[in-house]
Amino acid sequence: MIRKEIENLLRSYLSELGFDYDFVVEIPEEQFGDFSTNVALVGAKYFKKPPRDVAKYFIDKLTGHPMFKEITIAGPGFINFRVSNEFYRDFLARYIQSPHSIWTFKRTGKILLEYGSANPTGPLTVGHGRQIVIGDVLGNVLRYVGYDVTKEMYINDAGRQIKLLARSVWVRYNQLHSREEEIPEDGYRGEYVIDIARKVQVDHGDRFVGVWNEEVEEIFREYALGEIMKMFEVSLEKIGAKFDSTYSEKSLIDDGTVQEVLGILRNKDLIYESEGAVWLKVSKFIKENDKVLVKSDGSYTYFLTDIAYHYKKFRRGFDNAIDIFGSDHHGHIPRMVAALMALDIPEDFVTFVLHQFVTLKRGNEIVKMSTRAGEFVTLDELIDEVGKDAARYFFAMVDVNTHLNFDLELAKAQTNDNPVYYVQYAHARISSLFEKATEKGIEFKLLDGIELLNHDLEMALIKLISSFDDVLERIVEKLSPHYLTDYLEDLASLFHRYYADVKIVDPEDPKLTNGRLNMCLGVKIAIAEGLKLLGISAPDKM
RNA sequence: GCCCCCAUAGUUCAAAGGAUAGAACGGCGGAUUCCUAAUCCGCAAAUGGAGGUUCGAUUCCUCCUGGGGGCACCA
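Residues numbered from 1 in each chain as written. Chains lettered and ligands numbered in written order. Predicted model: local features only at pLDDT ≥ 70, side-chain atom pairs only at ≥ 80, totals over all residues. Heavy atoms only, no water.

The name given to chain A in an unreviewed UniProt entry is Arginine--tRNA ligase, with Fervidobacterium thailandense as the source organism. Chain A has a UniProt comment under Sequence similarities (unreviewed entry) that states "Belongs to the class-I aminoacyl-tRNA synthetase family." The heading Subcellular location (unreviewed entry) in the UniProt record of chain A holds the text "Cytoplasm". (UniProt positions renumbered as here; feature names shortened; annotations may be inferred.)

Rendered as C-alpha cells:
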C-alpha cells in the first residue's frame, strides 16, 4: 500500500515531464531505508543526465512531503526513503478500522479457474492434492483482488479410462460371485474397485454375472462414476477445497458441443479424414504434427472434448480462463493454443499454469505412487496423517515451478520445525495477549494509544502489514501461492521477535499497552487474512 | 532426437535486472524470578560449468553438464 503510494507519486512527477518508463519501488535491506527506488537509475537515459542528477529532481519534488522523514541518494543513484512514524501510525489506524477496503486493487473481469480435473477412476492422490490447493488458494486470491472467479473441476467421464474402470468393476463383481474373469491389462486394481463391485452386488444380486454388453457396461459405468464422485466429495471436504461447479466431459458430447465444434472446424476446412480417423490441421498453426480428433472407432479423443470444453468456456462469457495442469500435460498446451486459434478464440483467453510433481518422503525413503497399480498414497491418507492445515500449507509453500518434496515427518511434527505452527502460533499469542490485558484490568479501546507507538519493530511490523497488497498482486501476476506463505512466515517471525523484545501488556502504562494492542491487532488481522486465503485455521489457542 | 520445468548453505526452499544472495531445519554457542520456550539472540555455511547482453545478472540469451516430466487413434 505505502509502496504503491510512493510509486504513484514518482510516476506523477515523471508524467509532469512527459516521461513514462518502468521502474520499481521496493523494500531494500533495512540499513538503506524503508523503501527504495531505481527510478533515477533507469531514468538516466531518458533525462540524458547522470542518475544522481536525476535523483535530485525527484528529491526536490518530494522534500517536505508528510509521508517521509528522510530521503537520500545512495550508491549509483538509488533514492532511499524513510517513512515517518506518523504516517505508519496513520496507516495502522486506517487498517484496523477497515482491513478489507483499504487496499486499492483495480482488477475486474470474469475468470474461469479450472483445476483438480481428474479421471474419475480412483481416489484423489497426493498429486491431485497439490493442484487442488494451488487452485483453491489462487482462486481465493484472485477473488480477493476483485475478479469474479468460478472454481471449476472438469470431470473426464467420457473416455476410455472410465470404460476400463467399468470393466474392472465388473470383473471384481464376478469374482465376488466366484466367477473368474481377468482384469484388463490397463485396468484398475485398487481396493476401491471391489468396494464399488459390492455396491452393485447389493443392489443387483447376481444378474450381471457372466453378462457383458453395452447396457451392462453403462450400468457399471454409472455405479463407478457415482461412487468415485462421492469419494471425491469426501476428499475435497477434507482438504477444505470448495468448487463452484463441476463440468462433465460427457455432457459436451450429449449436448452437441462437440459436434458443433467439429462443424465449425469442418466449415473452415481445418479437419480432414485419414486412416479412418478425423484429424485437426494443427500443423497449419504451429510447428507440430496434426492430431486426431475422432478415432477410427468413432469415439472422441480427449483433445477434441477439451477443445469443446474451452470453446464452451469462451461461450459462457468468461473474460479469461486459467487452467492448472500437472507438468505432464505441457505437451497439450501448444495444441490447445492451435485449436483456439482455429476457432478464432483470442490467444490470450487461456492462461496455462503448470505445476511440478510431488515426491512424498517419509524420512529419507521415497513413497511410490501409482494409481493403476493400486499402490498410492491417497489424498485422504495424507490428510489423515498430517492434518488439513499442514497439508494445505505444504502444498502451497513452494513455487509451482519447483518440484515439491513433501516430508511427511516434518508436516506431522508438532514442533518448531514446522512452519505452519510457527505462523499459527503468532496468531494464538496475540489472542492470548488480549486475554492477558483483560485479566490485568486493561479494557481494550480501538485506536486508543496508537500515537504513542514509536518502537522500530512496531514501525517495521506496520510496514509489513502495509505490503499485504503487494504480496497478493504478485501472486496474481506469477500465479503461484508460495509468496503468501513466505510473507506470513516473515510477519510471524518479526512479531515473535517483537514479543521477545517488548513487554507488550504493561499494567503500569495502560495507554501504551493499548496502543501496542492496536498494533498487535493489525498483525493478527493480517495473519488471519493470509491464513484464510490459504484455507488454514487461525487458532486463538495452541 | 525434439519440447517443458529445475539446478542457490550439509538439507528443504526464497530472492521485483540492483547495494553485503535471505529463511527454516541440521551443526555450534547463548537467553526465561516477567504477556504461551510451538519463542528469541549469536556463530559457521551457497548461486553446477563456459560464454554473451547490461553501468549492474541468481534473475535475460547461447552452449555444456546433471535431475524431473512429456513427445498416443491415453487422459
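Draft legend 1. Representation of the sheet that holds strand β11 (residues 320-326) within the structure. The parallel open sheet is built from five strands, whose spatial order is β7-β6-β5-β11-β12. Whereas interior strands pair on both sides, the edge strands pair on one side only; in this sheet they are β7 (245-248) and β12 (350-355). Taking the axes of each pair of neighbouring strands and ignoring which way they run, one obtains an average angle of 25° across the sheet. Strand direction decides the pairing type here: strand β6 (residues 148-155) and β7, joined by four bridges, are parallel. Residue pairing for β7: Met-153 is matched across the bridge by Thr-246. In the packing of helix α12 (residues 332-342) onto the sheet, the strands contacted are β11 and β12, and the crossing angle to β12 comes to about 175°. (Pairing = 2+ DSSP bridges. Helix = DSSP H or I, 4+ residues; strand = E, 2+ residues; numbered from the N terminus. Axes fitted to C-alpha atoms, helices over the stretch in contact; angles between N-to-C directions. Contact = heavy atoms within 4.5 Å.)

Draft legend 2. Geometry of the domain arrangement of chain A. Here the domain parsing of chain A yields domain 1 (1-83), domain 2 (116-156 + 242-355), domain 3 (160-239) and domain 4 (419-534). A separation of 27 Å is found between the C-alpha centroids of domain 2 and domain 3. Taken residue by residue, the interface counts 13 residues in domain 2 and 14 residues in domain 3. Carbon and sulfur atoms make up 78% of the surface buried where domain 2 meets domain 3, a total of about 1200 Å² over both sides. Counting the surface domain 2 buries against domain 3, the share from its top three residues, Pro-120, Thr-121 and Leu-124, is 42%. At the junction of domain 2 with domain 3, the criterion picks out zero salt bridges. On the surface where domain 2 and domain 3 come into contact, there are two residue pairs in polar contact (both at pLDDT 80 or more). Every element with two or more residues in the side of domain 2 that touches domain 3 is listed here: α5 (126-144) and β6. Counted by class, the side of domain 2 that touches domain 3 contains nine nonpolar, three polar and one charged residues. (Domains from an automatic or database assignment. Buried area = accessible area lost by both parts, 1.4 Å probe. Salt bridge = Lys/Arg side-chain N within 4 Å of Asp/Glu carboxyl O. Polar contact = N/O pair within 3.5 Å; in protein donor to acceptor, adjacent residues only side chain to side chain. Nonpolar A, V, L, I, M, F, W, Y, C, P; charged D, E, K, R; others polar.)

Draft legend 3. Seen up close, the packing of helix α1 (residues 2-16) against helix α3 (residues 51-62). Interaxial distance between α1 and α3 falls to 11 Å at its minimum, and their mutual angle equals 110°. In terms of their interaxial angle, α1 and α3 are classed as roughly perpendicular. At the point where α1 passes α3, the crossing takes the right-handed sense. Counting all contacts with α1, which are made through Leu-9, Leu-10, Tyr-13, Leu-14 and Glu-16, the residues of α3 involved are Tyr-57, Phe-58, Lys-61 and Leu-62. (Parallel < 35°, antiparallel > 145°, perpendicular 65-115°, else oblique. Left-handed = near helix turned anticlockwise from the far one by under 90°.)

Draft legend 4. Here's a closer look at the environment of Val-420. Counting through the fold element by element, Val-420 comes out in helix α16 (residues 419-439). You can call Val-420 buried: its relative accessible area is 3%. Taking C-alpha positions, Val-420 is 8.8 Å from Thr-485, a pair spaced 65 residues apart along the chain. When sequence neighbours within four positions are dropped, the list of residues in contact with Val-420 reads Asp-389, Ala-390, Tyr-393 and Phe-394. (Buried < 20%, exposed > 50% of the residue type's maximum accessible area, 1.4 Å probe, protein only.)

Draft legend 5. Spotlight on the nonpolar core. By size, the foremost hydrophobic cluster in this structure holds 150 residues, and its most contacted members are Phe-58, Leu-382, Phe-406 and Phe-495. Looking at this core, the element that brings in the most residues is helix α20 (residues 510-534), giving 11 residues. Among residues more than four places away in sequence, those in contact with Phe-495 are Ala-426, Arg-429, Ile-430, Leu-433, Leu-461, Ile-504, Cys-520 and Val-523. Counting residues in hydrophobic clusters, the runner-up holds 37 residues, among them Val-258, Leu-270, Leu-280 and Tyr-309. (Core = buried A, V, L, I, M, F, W, Y, C linked by side-chain atoms within 4.5 Å.)

Draft legend 6. Representation of the pairing of strand β3 (residues 68-74) within the structure. Pairing of β3 with strand β4 (residues 78-83) involves six bridges; the strand directions are antiparallel. Residue Ala-74 lies in a different strand from β4, and its bridge partner there is Phe-78. The antiparallel pairing of β3 with β4 creates a hairpin that spans three residues between the two strands, and Gly-75 there sits at a positive phi of about 50°.

Draft legend 7. The arrangement of the sheet that holds strand β1 (residues 25-26) in detail. As summarised here, the arrangement of the four strands in space is β1-β2-β4-β3, forming an open sheet in which the pairing is antiparallel. Sheet topology places β1 and β3 at the edges, where each strand pairs with a single neighbour. Across three bridges, the pairing between strand β2 (residues 35-37) and β4 is antiparallel. Bridging across to β4, Phe-35 finds its partner in Phe-81.

Draft legend 8. Seen up close, the UniProt feature "short sequence motif: 'HIGH' region" (unreviewed entry) in chain A. UniProt records the feature "short sequence motif: 'HIGH' region" (unreviewed entry) for residues 118-128 in the present numbering. Across residues 118-128, helical content stands at 27% and strand content at 0%; the span's end C-alpha atoms are separated by 8 Å.

Draft legend 9. Structural detail: the pattern of salt bridges. Counted by the stated rule, this structure contains 39 salt bridges. As a salt-bridge pair, Asp-20 and Arg-11 come within 3.3 Å of each other at their nearest N and O atoms. Asp-20 sits in the exposed class, given a relative accessible area of 63%. With relative accessibility at 27%, the residue Arg-11 sits in the partly exposed group. Here Glu-451 ties to Lys-511 by a salt bridge, and the two come within 3.7 Å at their closest N and O atoms. Here the residue Glu-451 occupies a position in the loop between α16 and α17 (456-466), and Lys-511 occupies one in helix α20, the gap between them amounting to 60 residues. What makes Glu-451 partly exposed here is its relative accessible area of 48%. Judged by its relative accessible area of 36%, Lys-511 falls in the partly exposed class.

Draft legend 10. Looking closely at α16. Along its 21 residues, α16 runs 30 Å from first to last C-alpha, staying within 8% of the 30 Å computed at 1.5 Å per residue. Where α16 starts, the residue carrying a side-chain oxygen 3.1 Å from the main-chain nitrogen of Val-420 turns out to be Asn-418. (Expected span 1.5 Å × (residues − 1).)

Draft legend 11. Structural view of the packing of aromatic side chains. For the structure on display, the rule yields 30 aromatic pairs. With 5.7 Å between their ring centres and 70° between their planes, Phe-208 and Phe-220 make a pair best called edge-to-face. Here Phe-208, found in the loop between α7 (191-204) and α8 (214-239), pairs with Phe-220, found in helix α8; they are 12 residues apart in sequence, far enough to count as distant. Phe-220 shares its class with Phe-208; the two are buried. The structure contains a cluster of three or more aromatic residues connected by ring pairs, namely Phe-19, Tyr-21, Phe-23, Tyr-46, Phe-47, Tyr-57 and Phe-58. (Phe/Tyr/Trp six-rings, centres within 6.5 Å; stacked < 30°, edge-to-face > 60°.)

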